[in-house]
Each structure stands twice: as C-alpha cells, then as structure tokens.
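So the chains spell out like this:
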2 protein chains.
Amino acid sequence: MSRLDTSKYCVGREEKRKDRFRLRDVKTDDDGGLEKDAGKAAFERAHARLIELQQLFYADGRFALCVVFQAMDTGGKDGTIRDVFGGVNPAGCRVTSFKAPNDVELRHDFLWRIHQHTPRLGHFAVFNRSHYEDVLVARVKKLVPSERWKPRFEHINTFERMLFDEGTRIVKFLLHISRDYQRERLLRRLHDPAKQWKFDPQDVAERARWDDYQQAYEEVLNRCSTAAAPWYVVPAEHHWFRNLLVTQVLVETIESLPLAYPKPSFDPSRIVID
Amino acid sequence: MSRLDTSKYCVGREEKRKDRFRLRDVKTDDDGGLEKDAGKAAFERAHARLIELQQLFYADGRFALCVVFQAMDTGGKDGTIRDVFGGVNPAGCRVTSFKAPNDVELRHDFLWRIHQHTPRLGHFAVFNRSHYEDVLVARVKKLVPSERWKPRFEHINTFERMLFDEGTRIVKFLLHISRDYQRERLLRRLHDPAKQWKFDPQDVAERARWDDYQQAYEEVLNRCSTAAAPWYVVPAEHHWFRNLLVTQVLVETIESLPLAYPKPSFDPSRIVID
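First, a word on what this report is: a plain description of the structure on this page. (Residues numbered from 1 in each chain as written. Chains lettered and ligands numbered in written order. Predicted model: local features only at pLDDT ≥ 70, side-chain atom pairs only at ≥ 80, totals over all residues. Heavy atoms only, no water.)

Structural notes on unusual backbone geometry
All names here are of chain B. Note the threshold: Per the convention used, a helix needs a DSSP run of H or I reaching at least four residues, while a strand needs a run of E reaching at least two, with both numbered from the N terminus. Working definition: with a 1.4 Å probe on protein chains only, accessible area under 20% of the residue-type maximum means buried, over 50% means exposed, and in between means partly exposed.
Positioned with a positive phi, T74 is a non-glycine residue whose angle comes to about 70°. Here T74 shows up in the loop between strand 1 (64-71) and helix 2 (77-85). The phi dihedral of K142 falls on the positive side, at around 55°, and the residue is not glycine. Within the secondary structure layout, K142 lies in the loop between helix 5 (137-140) and helix 6 (146-149). Owing to a relative accessible area of 71%, K142 belongs among the exposed residues under this scheme.

Observations concerning the environment of D180(B)
Residues and elements named next belong to chain B. The topology assignment puts D180 in helix 8 (residues 179-191). Its relative accessible area of 61% is what places D180 among the exposed residues. For D180 and A236, which are 56 residues apart along the polypeptide, the C-alpha to C-alpha distance reads 13 Å.

Focus on the interface of chain A and chain B
To be explicit about the condition: The contact rule is simple, with two residues in contact once any of their heavy atoms fall within 4.5 Å. Defined here as a combined quantity, buried area equals the accessible surface (1.4 Å probe) lost by two parts on assembly, summed across both. Salt bridges are defined as contacts in which a side-chain nitrogen from Lys or Arg sits within 4 Å of a carboxyl oxygen from Asp or Glu. Pairs of N or O atoms within 3.5 Å make up the polar contacts considered here, provided that, within protein, one atom can donate a hydrogen while the other can accept it, and that residues adjacent in sequence are counted only when both atoms are side-chain atoms. Just so you know the grouping, Ala, Val, Leu, Ile, Met, Phe, Trp, Tyr, Cys and Pro go in nonpolar, Asp, Glu, Lys and Arg go in charged, and all remaining residues, Gly too, go in polar.
Across the boundary between the two partners, chain A contributes 38 residues, which contact 38 residues of chain B. It is R94(A), W197(A) and I273(A) in chain A that bury the most area against chain B; as a group they hold 21% of the surface buried on that side. At the junction of chain A with chain B, the criterion picks out four salt bridges. Applying the counting criterion to the chain A and chain B interface returns 12 residue pairs in polar contact (both at pLDDT 80 or more). Contributing elements (two or more residues each) for the side of chain A that touches chain B: helix 1 (36-60), helix 2 (77-85), strand 2 (93-97), helix 8 (179-191) and helix 9 (202-207) of chain A. Broken down by element, the residue count for the side of chain A that touches chain B peaks at six residues, all from helix 8 of chain A. Counted by class, the side of chain A that touches chain B contains 25 nonpolar, seven polar and six charged residues.

A word on the relation of the copies chain A and chain B
Put simply, the test is: Fitting of the copies onto one another was done by least squares over C-alpha atoms, counting residues only where both copies have pLDDT of at least 70.
Superposing chain A onto chain B takes a rotation of 180° combined with a translation of 0.0 Å along the rotation axis, leaving an RMSD of 0.0 Å. What the rotation and shift describe, once combined, is the action of a two-fold rotation axis. Across chain A, the rotation axis passes nearest the C-alpha of G87(A), at a separation of 2.1 Å. Most of the interface of chain A is mirrored in chain B: 100% of its interface residues are interface residues there too.

What about the sheet that holds strand 3 (residues 124-128) of chain B?
Residues and elements named next belong to chain B. Selection criterion: DSSP-based pairing: two strands are paired if at least 2 bridges between them are found. Inter-axis angles, ranging from 0 to 180 degrees, are taken between N-to-C directions of lines fitted to C-alpha atoms, where helices are fitted over the stretch in contact.
If you trace the five strands from one edge of the open sheet to the other, you get 2-3-1-4-5, paired in parallel fashion. Edge positions in the open sheet fall to strand 2 (93-97) and strand 5 (231-235), since each of these has one partner strand only. Neighbour-to-neighbour, the strand axes of the sheet open up by a mean angle of 20°, direction not taken into account. Helix-sheet contacts for helix 1 (residues 36-60) involve strand 1, strand 2 and strand 3, and the interaxial angle to strand 3 is about 125°.

Overview of the pairing of strand 1 of chain B
Residue and element names in this part refer to chain B. Most of strand 1 is tucked away, with eight of its eight residues classed as buried. In this structure, strand 1 lies alongside strand 3, joined through five bridges in parallel fashion. Note that in strand 3 the partner of V67 across the bridge is V126.

So, helix 2 of chain A
Along an α-helix, residues three or four apart share an orientation, since each turn contains 3.6 residues. Those residues of helix 2 of chain A not exposed but buried are K77(A), G79(A), T80(A), I81(A), V84(A) and F85(A). Contact partners of the buried residues in helix 2 of chain A: helix 1, strand 1 (64-71), strand 2, strand 3 (124-128), strand 4 (168-176) and helix 11 (239-255) of chain A.

Quick look at the packing of aromatic side chains
Let me state the cut-off plainly: Each aromatic pair joins two rings of Phe, Tyr and Trp (for Trp, the six-membered one) with centres within 6.5 Å, and gets the label stacked for planes under 30 degrees apart, edge-to-face for over 60, and tilted for any other angle. Here, over-ring charges are defined by two tests on the NZ atom of lysine or the CZ atom of arginine: distance to the ring centre within 6 Å, and angle to the ring normal within 35 degrees.
Tallied over the full model, the rule gives 24 aromatic pairs over all chains. Consider the rings of F85(A) and F124(A), whose centres lie 6.5 Å apart with planes at 80°: the pair is edge-to-face. Pair noted here: F85(A) is in helix 2 and F124(A) is in strand 3, with a separation of 39 residues, a long-range link. Considered together, F85(A) and F124(A) belong to a single accessibility category, that of buried residues. Taking 5.0 Å as the distance between ring centres and 85° as the angle between the ring planes, the aromatic pair formed by F98(B) and F127(B) counts as edge-to-face. Note that F98(B) is positioned in the loop between strand 2 and helix 3 (103-106) and F127(B) in strand 3, a separation of 29 residues in sequence. Here F98(B) matches F127(B) in class, with each residue buried. Among the aromatic residues, ring-to-ring pairing joins F57(A), F69(A), F85(A), F124(A), F173(A) and Y232(A) into one connected group. Positioned above the aromatic ring of F164(A) is the side chain of R169(A), whose terminal nitrogen or guanidinium carbon lies 3.9 Å from the ring centre. The lysine or arginine in question, R152(B), covers the ring of F110(B), its NZ or CZ lying 4.7 Å from the ring centre.

Listed below in structure tokens is the structure:
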C-alpha cells in the first residue's frame, strides 16, 4: 500500500515549480485521490505510529517538536489538534492557544510571548495560532505600521532557524478552506446550541477581509517556508484527509531523526534490589 | 449496573471510621470485587464520559480542575496519566512533572513553583508529583529542618482552600503499591531495554526508606484530606482497577458541578453571513 505523498503539500518542495506559490492552486476539498474509508484507516495507522514514536522521542530527549497551526476562522485548528494530539501522551505534549496579545505582551517584541512556550527537549509543543498572526492580523487590520511588520518575515526565519539549530524541529500547517465552506461552518456554529458559545460576531467582520488575509497568507508561505521550518498547505474541508495529511507529515518528520533509547549510565548486572 | 463506590477510597469520608487512617488497611491489590473484563469495560465508559464532560467543562469556563498524583517509585504515575488523560483534548489539559527543585526554585517558598502551574479556568492541570514532595522527600531525607516542613501541612490546606474558593476543584491520588510489587517492577525496568532509561540507581536507595515514606504519607493523608481537596488512596497493582477508580472519581467530581454552555451575548437571528 502506497503512502500519501506529503511533499506535494509542502510549499517550496515541489520540484518543478520555481515561481511564486499561489493558494488558489491548492484545492480546498482535495482528498489526495483516496476513498474516505481507506483514508480513515490510513489515519488510524499513522496516529498509532505517532503515539509509538512519541514515546521514543521523549526517551531520546535530544530533539523537540513544535507544530504550528494557522487557519481562517472555522478552518479546523481546534478539531485537528483534538483529533491528531488526543491520544498522544499528554505528559509530553503541550498545546498553547495564542489569543490577541494582552497589555504586557504588547509591550514586548512579537516573539517574546511565543518563546515562552517553545517545547523543551523530548516534548511536543502545539501552537493554535502563533507568531504568524503578527504578519497576518497585524498587517490586515493595520494594528502596527508596515515598517514594523515588514522586517518580521526575516526575524521569524532567523528565530526558527535558531530553534532548529538547538534541536527543535518545526512543522507549520495552514488549514486551507474556501470562503463558501466558511459560510456553511459559521451558519452551523451559529445555530447549534452546543457550538454557539464558540461564535464571535467579530468573525463576520474578519470574513469581509477574506482576500486581504489570503494575500497575507501567500506572502507568509512564500517567504517563511524554509528547510528548517517548512509550511504545509493542508486541504482541510475533508476532515479525515486533513487529519491524515497532518499526522503523516509529523510521523515522517520524527522518523527522519536518529532516535534511540538512551544507554544506561550504570551496569544493570551490578544493581541489587532486595 | 452498579457503579464502583469511590467514597470507600476517599480518606476521611468513610462514615464509620473516626480514628487515624492507616495505609496498611488498604489492600494494594484490591480490585473492588470486579472482574477484570467488566472493570476494563467500565473504565472505557467512564473514560468516554470524561472526554465528553471535558468539552462542557472547557466551554463553561467557570471552574478549573487540578489533579495530583503521588506514589512511591514504580507506583504508576506515568502510566495512569497516559491511560486516563490520553484521549482527553490536549488543548484543555496540561501535565506538569515536578522534579527535584532547581536552584531558583529552592530560593523561593515551596508553593511558588507549584502556583505557576495551577490550571486556568476551563482547564485541567495534572501534577506528576507536587507540593506534597515538600512534606515527603524533604522530610524523609531531611532536606530541610523539621521547623521548616512541619508548618507546611497547614500552608498546603490553606493554599488548596484558596484555589477552591477561586474556582479550582482539586483531587489528589496516592497510587498505593506494596514493597514486593515495587521490587518486581524495578527488576522489570532494569532488564527491559525499552524501560532501562527510566531506571535510576538512586531508586534503590529510596526503596531502603520505604517505611519512613509510608509514615510520611500517612501524615499527609490524615492532615491534608479536606472537603475542598480530598485524598484518594488508589490500590494500584491492578492497572485496570487503578484507571477505573481514578477516572470515575474525576467524572463524579465534574458531574457535581453546575456546568452549562454559556449563553450567547448576541442575538443569533440578527447575524447575517454573506
């Protein structure tokens, strides 16, 4: 059975394309040519493998993993985190949701609050939104002048490179949906009593800036997908496909590392337990 | 089908006993009179209920939950956390492992580092070891003089009461094993290449202080099991029973709260999504 080719979804890795990456070239309802049942089964296998690998990753203790999720509202960040990282041993996995910065955070550089949540060695850190908001919402809503956000692309690349050099592997996912799909999801959220609490009337105003956000995302993808910290664009309308693609990328990332259980620093045959 | 009676395992809740609680009165291999298969099935149901309740708990956002695990080495803290909290949405659950305090932490009061990890409203915090080490290992190994650790029981009760009054529900579990069981587990850890890295030769020295630790635990249980923050003694040699008892206590704790999905602050019928 052939594995899903994840490199197709990695920005800048596709061999033939040298020109600018465009979001509209990625179908939001792509299913990788898989049937739903086969895709779900493949996800279950990849998920079991991720759980198995995490134990070794934790024991090895020489690397850390930082997983970034960005998306338009209703893109499925919460659901992806629940589906992919639920089941992973929570002792080695921390999720941080970055909301609008508070007063203290705004009085620091944009990476200050992020840095406090980067993973320790052996651990996974999962970011629900991230420092990328500071070149997305900050730009689209003009929260800072352009002289402030324009240098941030390079600062991000340098920061992520430093993390990489110190042992952290970084994988970034944009959960990619269409404007029509968002409409359908917002309506569902609005009229389901168990989901209504997640609805923020502000989301409607954000939706009006759809094209500005898509353009801001394209600049992020073109400037900040690096060998040290690649961006993946995940067609996110089929949840089973989204889960499979994300999980498989994580499995491949961890499998590429030279992990091993640490050798004991003592001679087991000389230990006496009475 | 009758539920397991969890109150039997709660220190100070048993109606008839007014005298001092003694650890040796609790069988470490107690199985609650259940068959293994029935117990495992009951755990699966309780676990599914816990996952369901967490979503409501998170949405409600008026309470937090702090779950403390203490045990002798090989008591199963890691395994319990993996089995009970794996599957829970990691976006609302943080595990903190408290190791020996570092230089900075030692220059603060014993609750300082703990307080930094208490849960935010809507979240679970899981403590793998806790402030109780400061009246256990600190006492048994004489890391601080008795004038220092003796007042800590009252400080702990007051601290936990404050957390309770501010919305945090606290549940504390001692995973209770026998000295013979520990021997068997240490030997297994020592000779299994995938577990050897968890073996610390220092564990053997700690084992020699078994009786001192049991006595220190008894004082903890007798002095710090309060209505605001009860201690449960969990017979932990049958993992399925341990998992069931812990999960059911958590489910009952959450079910006792008046949780509800927040009402929207807007009129859904007036929202237009184009």
